[in-house]
Amino acid sequence: MYSGITMKDKTVLILGSSSDLGVIVVEKFLKKGWKVLAHYNSNNKKLKNLEKKEKKIELIQANFNNINSINYIKKKITKENIISYVNLIGFVSKKSYLKSNLSSLLKSLKLNSLIPNEILKLTIKNMTKKKFGRILNISSIGVKYGGGENSYEYSLSKHLLEFYPKYLRNLSKLNILSNILRVGVTKTKIHKKIKNKNLKFRINLIPIKRAADPSEIADMIYYLASDNNTFITNENIAISGGE
């Protein structure tokens, strides 16, 4: 059905696996029988515990501020049969528009968008060979509203992810589907990193009147980034409770 794709071919690369949401997404793919290459920057006990229990997970530590780390992960993934790519990286600089500067802005763009895109290019090589691939970049509902008071750089870097090169659009003829998932307010620790964020006020703006549970987001990520998705491509999809 999928150009010879079998269970043993199912390898997913998940960038930013150490976040609250990242760990749940890793668990979701493992439960479905996928081999998971879980990238992370800083140490994470939950990922380490998963590695001890699960045979089909491999942790890849790489700091995208370090060129040696970047080269390491690039070299590593060229040897893997990756057919699914999920970018969950969410570096938050805590900068407002007026306090933003070129150095910090470039860092946000580099970590959240530019380097992940360079890594994506390498995974596409195997996808084209297999004539199957699923690409999912995780964006933020903040893009819709121009970002929060202290998340301008973060939101701008996510906005950059939402640009679709013509090349990606054309890949659909090879059964390589690429999408953006705009995630709304979710019960994760990332909100605590943003200074002066009034979470109760934000939740009150959501028609459904609650934040998302990470498992709800993980379910959607798995659907779009796995062989469950057979038709959706080149879409910006919001999962934000109607906001």
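Right above here is the structure, for reference.
Predicted model, so just to flag it, every value in this text is computed and none were measured.

Section: the sheet that holds strand β3 (residues 57-61)
Across the sheet, which stays open at both edges, the seven strands sit in the order β3-β2-β1-β4-β5-β6-β7 with parallel pairing between neighbours. Single-partner strands in this sheet number two, and they are β3 and β7 (235-239). Between one strand axis and the next, the sheet turns by 20° as a mean value, whatever way the strands run. In terms of strand pairing, strand β2 (residues 35-40) meets β3 through five bridges, oriented parallel. The partner of V36 across the bridge, within β3, is I57.

Remarks on the packing of aromatic side chains
Counted by the stated rule, this structure contains three aromatic pairs. Relative to Y152, the ring of Y97 has its centre 5.1 Å away and its plane inclined at 90°; by these criteria the two rings are edge-to-face. Here the residue Y97 occupies a position in the loop between β4 (82-87) and α4 (102-130), and Y152 occupies one in helix α6 (residues 152-161), the gap between them amounting to 55 residues.

Looking at the pairing of strand β6 (residues 176-183)
Taking burial as the measure, the eight residues of β6 include eight buried ones, the bulk of the element. Neither face of β6 is open: one carries I176, S178, I180 and R182, the other L177, N179, L181 and V183, and all of them are buried. Sheet topology places strand β5 (residues 133-140) next to β6; eight bridges connect them, and they run parallel. Looking at the pairing, N137 lines up with I180 of β6. Here five bridges tie β6 to β7, and the two strands are oriented parallel to one another. Considered in β7, the bridge of R182 is made with A238.

Rules behind the numbers
- Residues numbered from 1 in each chain as written.
- Predicted model: local features only at pLDDT ≥ 70, side-chain atom pairs only at ≥ 80, totals over all residues.
- Heavy atoms only, no water.
- Pairing = 2+ DSSP bridges.
- Helix = DSSP H or I, 4+ residues; strand = E, 2+ residues; numbered from the N terminus.
- Axes fitted to C-alpha atoms, helices over the stretch in contact; angles between N-to-C directions.
- Phe/Tyr/Trp six-rings, centres within 6.5 Å; stacked < 30°, edge-to-face > 60°.
- Buried < 20%, exposed > 50% of the residue type's maximum accessible area, 1.4 Å probe, protein only.

Fair warning: the whole summary comes from geometry, so function is off the table for now.
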